[in-house]
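# Reading the structure
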Amino acid sequence: MTFRLYDSARRAVVEFQPLQPGKVSIYCCGPTVQSSPHLGHIRKEVNFDVLRRWLEASGNEVTMITNITDIDDKILIKSAEASRPWWAHAYQFEGVFHRAYRALGLLPPTYEPRATGHVPEMVALIAELIERGHAYAAADGSGDVYFSVLSWPAYGQLSGMKVDEMEPAEDADPRGKRDPRDFALWKGHKQGDPETAAWETPWGRGRPGWHLECSAMAGKYLGDAFDIHGGGLDLRFPHHENELAQSRAAGRPFASYWMHNAWVTMAGEKMSKSLGNTADVFAAVEAYGGRAVRLYLAGPHYRSAIELSDASLGEAAAQLSRIDSFLDRAEAISAGWTAWSPREALPDAFAAAMDDDLGTPGALAVLFGVIKEGNVSLDAGDTQKAIAAYASVRSMLGVLGLDPSAPEWDDQTATDDLKPVVDGLVAALLEQRQQARARKDWPAADAVRDQLAAIGLKVEDTPTGPRWSLEK
């Protein structure tokens, strides 16, 4: 089955055909590093990480560009409130975002350009747009440069909005605009702005508009035409609409497909800092673990809104416990067995779900079905079927970014180095319990079980012997 995706521009699920067979280019809008990330930000990162993993598992070479917006009105405001240079403020929170990415097992992008490093490309794009009659410098000498919305008849094609029904663009001071809907390509330096937050251009000193940045960086690293442009649903308008307009008005084909993930909501509202209904990534990871938080974000279909609650995160942690319980049981008989390739071990039903617009809910149903069959095989002593199930589960977890043995999870906890010691100690205690049961010393056997329960370990007796797991 060929991979099919929902293209926001076409408003339909369509067959994906990359510009170069076997090679996929993706530009994913990254964060504006003004403050710490919330789970709403990180959902997009997780969704597109799964997309990348699936495309690679399907045999493609993927180039993933994810930018950092490190100059922006919000950054200037936040840094001033914190009484520190804007560039130091942006760099600090860039590091916070990177820690959040690592906490959720994200693969690093192929490259991560910063907006401040690409001013020459932005200036060149503005010059092209002015030459083609799609942009103009404000006549008041402010240094502002605007894109003329009415000069581009296709404006609104991505969002489906009609120009006549649009509100004025609020991304810049309306000074010097010919039409209130025109948006800023370049913002002239104003009194009170930091002197370091300005670059020289033919139109005066200033800084780039947000929309311009992504068009310039995508073109720099992916070329005038590339495969997929992605981001959160809230970016579709005006950000992505403006990117599309200014890029195509400059004669660049830009993205072939547009993908947008839905929101994380709290009490039915989109999670946002302005509403105050945010959920800190690190607090969630501390409470439930990075893999459980990732499962919570990746499990629902990327185009479905998901509600944040302790119950939903707790459910993800319980699901992860089921996964890890099977892995622990099967690992002993599967140790060193490598006669399978990850792609070959993927069930057809899992592949079909992922090929159908990245259908993670269906893919998870297949995963838990195989886990159930694997546990039955382990209970029955059918080693061959149990190993096959283990191979399939590990392969599916790799695509979803949830394989606990993957390198990206290596630095999550310092206790990983103690795992062999813990396993050995628990095994020794379970052996003592078995010996007590064999001689019918039930109080001694119960005492061992109670000791383990007191430190959070649950013991379950099975036909193949006792097994233990962490209580969540």
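Our subject is the structure that appears above.
In what follows, the accompanying structure is described. Note that this is a predicted model, so its numbers are computed, not measured.

## Thoughts on the packing of helix 9 (residues 310–334) against helix 11 (residues 360–380)
Between two packed helices, both the angle of their axes relative to each other and the distance between the axes serve to describe the pair. Axis separation between helix 9 and helix 11 bottoms out at 10 Å; the angle between their running directions is 40°. Viewed along their axes, helix 9 and helix 11 adopt a mutual orientation that is oblique. The element helix 9 and its partner helix 11 pack so that their crossing is left-handed. Contacts from Gln-319, Arg-322, Ile-323, Phe-326, Arg-329, Ala-330 and Ile-333 in helix 9 reach Leu-367, Phe-368, Ile-371, Gly-374, Asn-375, Leu-378 and Asp-379 in helix 11. Among the residues making up the contact of helix 9 with helix 11, the classes are represented as eight nonpolar, three polar and three charged.

## Quick word on unusual backbone geometry
The peptide bond linking Phe-237 to Pro-238 adopts the cis configuration, its omega dihedral lying at 5°. Assignment of secondary structure puts Pro-238 in helix 6 (residues 236–249). Non-glycine residue Leu-358 carries a positive phi angle of around 55°. Positionally, Leu-358 belongs in the loop between helix 10 (348–355) and helix 11. Phi is positive for Lys-440, which is not a glycine, with a value near 60°.

## Looking at empty space enclosed by the protein
If a probe the size of a water molecule is rolled over the atoms, the empty space left behind becomes visible. One pass over the structure, following the stated rule, counts one cavity of 30 Å³ or more. Lining of the largest cavity is provided by Asn-47, Val-50, Ala-298, Pro-300, Tyr-302, Leu-358 and Thr-360. Residue classes in the lining of the largest cavity are distributed as five nonpolar, two polar and no charged.

## Re the nonpolar core
Ranked by size, the top nonpolar core spans 119 residues in total, and within it Leu-297 and Phe-350 carry the most contacts. For Phe-350, the residues in contact, after removing those within four places along its chain, are Trp-54, Ala-363, Val-366, Met-396, Val-399 and Leu-400. With six residues, the next largest nonpolar core counts Leu-430, Leu-452, Leu-457 and Val-459 among its residues.

## So, the side chain of His-134
Note on placement: His-134 falls in the loop between helix 4 (119–131) and strand 5 (135–137). With sequence-adjacent residues up to four places away left out, His-134 is seen in contact with Leu-129, Tyr-146, Phe-147, Ser-148, Ser-151, Trp-152 and Ala-249.

## Considering the state of the cysteines
For the coordinates displayed, the defined rule picks out zero disulfides. Here Cys-28 is not disulfide-linked; the sulfur of Cys-29 is the nearest cysteine sulfur, at 7.1 Å. Free cysteine: Cys-29, not disulfide-bonded; nearest cysteine sulfur from Cys-214 at 3.8 Å. On the basis of relative accessibility, which here comes to 3%, the residue Cys-29 falls in the buried class.

## With respect to the environment of Asp-234
For Asp-234, the location among the structural elements is in the loop between strand 9 (225–232) and helix 6. According to the relative accessible area criterion, Asp-234 is partly exposed, its value standing at 34%. Remark: the alpha-carbon pair of Asp-234 and His-260, spanning 26 residues in sequence, is separated by 8.4 Å.

## So, the packing of aromatic side chains
Under the criterion given, the structure shown has eleven aromatic pairs. Centre to centre, the rings of Trp-54 and Phe-350 are 6.2 Å apart; their planes meet at 75°, and the pair counts as edge-to-face. Residue Trp-54 is found in helix 1 (residues 39–57), and its partner Phe-350 is found in helix 10; the two are separated by 296 residues along the sequence. The exposure class assigned to Trp-54 is buried, which follows from its relative accessible area of 0%. Here Phe-350 falls in the buried class, since its relative accessible area comes to 0%. Geometrically, the ring pair formed by Tyr-111 and Tyr-221 is tilted, given 4.9 Å between the ring centres and 50° between the ring planes. Taken together, the residues span a long stretch of sequence, with Tyr-111 in the loop between helix 3 (86–103) and helix 4 and Tyr-221 in helix 5 (residues 210–222) at a distance of 110 residues.

## Some remarks on the pairing of strand 2 (residues 12–15)
The pairing of strand 1 (residues 4–7) with strand 2 spans four bridges and is antiparallel. Opposite Tyr-6, over in strand 2, you have Val-13 as the bridge partner. Hairpin connection of strand 1 to strand 2: four residues between the antiparallel strands, including Arg-11 at a positive phi of 60°.

## Remarks on the packing of helix 4 against helix 5
For the pair helix 4 and helix 5, interaxial distance at closest approach is 9 Å and the crossing angle is 105°. As judged from the angle between their axes, helix 4 and helix 5 are roughly perpendicular. Residues Glu-121, Met-122, Leu-125 and Ile-126 of helix 4 form the contact with helix 5, whose participating residues are Leu-212, Glu-213, Ser-215, Ala-216 and Lys-220. Its residues placed into classes, the contact of helix 4 with helix 5 shows five nonpolar, one polar and three charged.

Each value, and the rule that gives it
Residues numbered from 1 in each chain as written. Predicted model: local features only at pLDDT ≥ 70, side-chain atom pairs only at ≥ 80, totals over all residues. Heavy atoms only, no water. Axes fitted to C-alpha atoms, helices over the stretch in contact; angles between N-to-C directions. Helix = DSSP H or I, 4+ residues; strand = E, 2+ residues; numbered from the N terminus. Parallel < 35°, antiparallel > 145°, perpendicular 65-115°, else oblique. Left-handed = near helix turned anticlockwise from the far one by under 90°. Contact = heavy atoms within 4.5 Å. Nonpolar A, V, L, I, M, F, W, Y, C, P; charged D, E, K, R; others polar. 1 Å grid on protein atoms, 1.4 Å probe; cavity = no way out; pocket = protein on both sides within 12 Å on 5 of 7 lines; lining within 4 Å. Points joined across faces, edges and corners; volume = space filled by probe spheres on them. Core = buried A, V, L, I, M, F, W, Y, C linked by side-chain atoms within 4.5 Å. Buried < 20%, exposed > 50% of the residue type's maximum accessible area, 1.4 Å probe, protein only. Disulfide = S-S within 2.5 Å. Phe/Tyr/Trp six-rings, centres within 6.5 Å; stacked < 30°, edge-to-face > 60°. Pairing = 2+ DSSP bridges.

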